[in-house]
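Inside the fold
These are the residues of each chain, in order.
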Amino acid sequence: MKQDYFSKRVSVRNYSDKIIPESQLTSIIERAMRAPTCGNMQLYSVILTKDLQKKQRLAELHFNQPAATGCDTILTICADFNRFSKWCKASDAEPCYSNFHSFIMAMTDAVIFTQQIVTIAEQEGIGTCYLGTVNYNASEISDLLDLPRLVVPVASLSLGFPASLEAQPERLPVNAIIHKEKYVDYDEKRVTELFKVKDENPENIHFIKENGKKTLAQVFTDIRYPKNTNESVSESFHRLLDNKGFI
């Protein structure tokens, strides 16, 4: 493992034209399958999109963000109880996984598997970026990729060899997230002190002015993740889970 990999890693959004060999992608995914999984059921599937036209259609559902439009490959990682359920039926066992708890199990498997892909790929010099927009258009992505019942997209990654590296974004101090023995809630004074690293970051200060807001928190609540968007995406994803048999 590269020295200081974890302390120095960054997401990559600007990719070169160098192609990732499909054999390398397969090897990365195969090694990522050694990630922890619930009951060794491996409740995930991954769709590789390399074809230019298909990638363009998928990138549109990711709002044409540069990380999606300029990458070599988009991976869509799915919570998948379809495969396991069909194996149960083929083995004289009645599957009982059409419920929300089963979705949570499969989603957890899929997310752990996704992060394993990220770590292995980046160790081999391939840049990655999570496309959080998968949640916004999960139903449309599901239709585009022909996902069957009990299969739901929960994570997307863009992959490619980096053309350039961005500066590391700020992080909260470690004592902001560690709670010893029990959860100790945050009062206003402490939470304000902990978030200074974000509030006083020059890029974030520019971001605040650019969006015409008084604080960074207002950028999040009013523009990036506002209430109406959160509720709309929640309703859409809830309908998708219902349609896919998880609710």
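Attention here is on the structure that accompanies the text. (Residues numbered from 1 in each chain as written. Predicted model: local features only at pLDDT ≥ 70, side-chain atom pairs only at ≥ 80, totals over all residues. Heavy atoms only, no water.)

Re a nonpolar patch on the surface
Short version of the rule: Here, patches come from residues exposed beyond 30% relative accessible area and free of salt bridges, joined within 9 Å for like charges and within 5 Å for nonpolar side chains (Val, Leu, Ile, Met, Phe, Trp, Tyr). The Shrake-Rupley method, run with a 1.4 Å probe, gives the accessible areas here. Residue values count only the displayed protein chains as cover. Take a side-chain nitrogen of Lys or Arg and a carboxyl oxygen of Asp or Glu: if they are within 4 Å of each other, that pair is a salt bridge. Numbering goes from the N terminus for both helices and strands, where a helix is a DSSP run of H or I of at least four residues and a strand is a run of E of at least two. Here the term buried applies to any residue with accessible area under 20% of the maximum for its type, exposed to any over 50%, and partly exposed to those in between, with areas from a 1.4 Å probe on protein chains only.
A cluster of nonpolar side chains, namely Phe 100, Ile 104 and Ile 247, defines an oily patch on the protein surface of about 260 Å² accessible area. One can find Phe 100 in helix α6 (residues 100-123). Of the residues examined, Phe 100 reaches a relative accessible area of 46% and is grouped as partly exposed.

Section: helix α12 (residues 227-243)
Spacing of three or four residues puts side chains on the same side of an α-helix, whose turn is 3.6 residues. Quick note on the threshold: Residue count minus one, scaled by 1.5 Å, sets the expected span of a helix. The arc in question is formed by the directions pointing from the helix axis toward the C-beta atoms. Contacts are assigned to residue pairs with any non-hydrogen atoms lying within 4.5 Å of each other.
Look at α12: 24 Å from first C-alpha to last across 17 residues, which is about the 24 Å you get at 1.5 Å a residue. Of the residues making up α12, those classed as buried are Val 233, Ser 236, Phe 237, Leu 240 and Leu 241. What you see down the axis of α12 is that its buried residues fit within an arc of 140°, all on one side. Facing away from the buried side of α12 by more than 90 degrees, the exposed set consists of Lys 227 and Asn 228. On the buried face of α12, the contacting elements are α6, α7 (138-144) and β4 (151-160). Looking at the residues trailing α12, positive phi occurs at Gly 245, about 90°.

Thoughts on the packing of aromatic side chains
Threshold: Between rings of Phe, Tyr and Trp, where Trp is taken as its six-membered ring, a pair exists when centres lie within 6.5 Å; planes separated by under 30 degrees are stacked, by over 60 edge-to-face, and by other angles tilted.
Inspection of the entire model under this criterion finds 12 aromatic pairs. Between Phe 81 and Phe 84 the ring centres are 6.1 Å apart and the planes differ by 80°, which places this aromatic pair in the edge-to-face class. Exposure remark for Phe 81: the relative accessible area of 0% places this residue in the buried category. Here a set of aromatic residues connected by ring pairs shows up, and it is made of Phe 81, Phe 84, Trp 87 and Tyr 97.

Notes on the packing of helix α10 (residues 202-210) against helix α11 (residues 216-224)
The cut-off we apply is this: Axis lines are fitted to C-alpha atoms, over the contacting stretch for helices. Their N-to-C directions set the angle, which ranges from 0 to 180 degrees. By definition in this entry, angles of less than 35 degrees are roughly parallel, angles greater than 145 are roughly antiparallel, angles of 65 to 115 are roughly perpendicular, and the rest are oblique. Put simply, a crossing is left-handed when the front helix is turned counterclockwise from the back one by less than a right angle, and right-handed when it is turned clockwise.
Look at α10 against α11: their axes get within 9 Å of each other, and the N-to-C directions meet at 50°. Taken together, the axes of α10 and α11 are oblique relative to one another. α10 and α11 meet at a crossing whose hand is left-handed. For the pair formed by α10 and α11, the contact residues are Asn 204, Phe 207 and Ile 208 on the first element and Leu 216, Val 219 and Arg 224 on the second.

Observations regarding the sheet that holds strand β2 (residues 73-80)
Operational definition: When DSSP finds at least two bridges between two strands, those strands are taken to pair.
Pairing within the open sheet is antiparallel, and its four strands lie in the order β1-β2-β4-β3. Of all strands in the sheet, those bounded by a partner on one side alone are β1 (44-49) and β3 (127-130). On average, each strand axis in the sheet is inclined to that of its neighbour by 25°, with strand direction left out of account.

Things to note about unusual backbone geometry
Positive phi, close to 50°, is recorded for Gln 42, a residue that is not glycine. Structurally, Gln 42 can be placed in the loop between α2 (22-32) and β1. Residue Gln 42 is classed as partly exposed on the basis of its relative accessible area of 24%.

So, the nonpolar core
Applicable threshold: By nonpolar core we mean a set of buried residues, namely Ala, Val, Leu, Ile, Met, Phe, Trp, Tyr and Cys, connected to one another through side-chain atoms within 4.5 Å.
In this structure, Phe 81, Phe 103, Ile 117, Val 152 and Leu 159 are the most contacted members of the largest nonpolar core, which totals 37 residues. Tallying contributions element by element places α6 first for this core, with nine residues. By size, the runner-up hydrophobic cluster in this structure holds 17 residues, among which are Val 12, Leu 61, Ala 67 and Leu 145.

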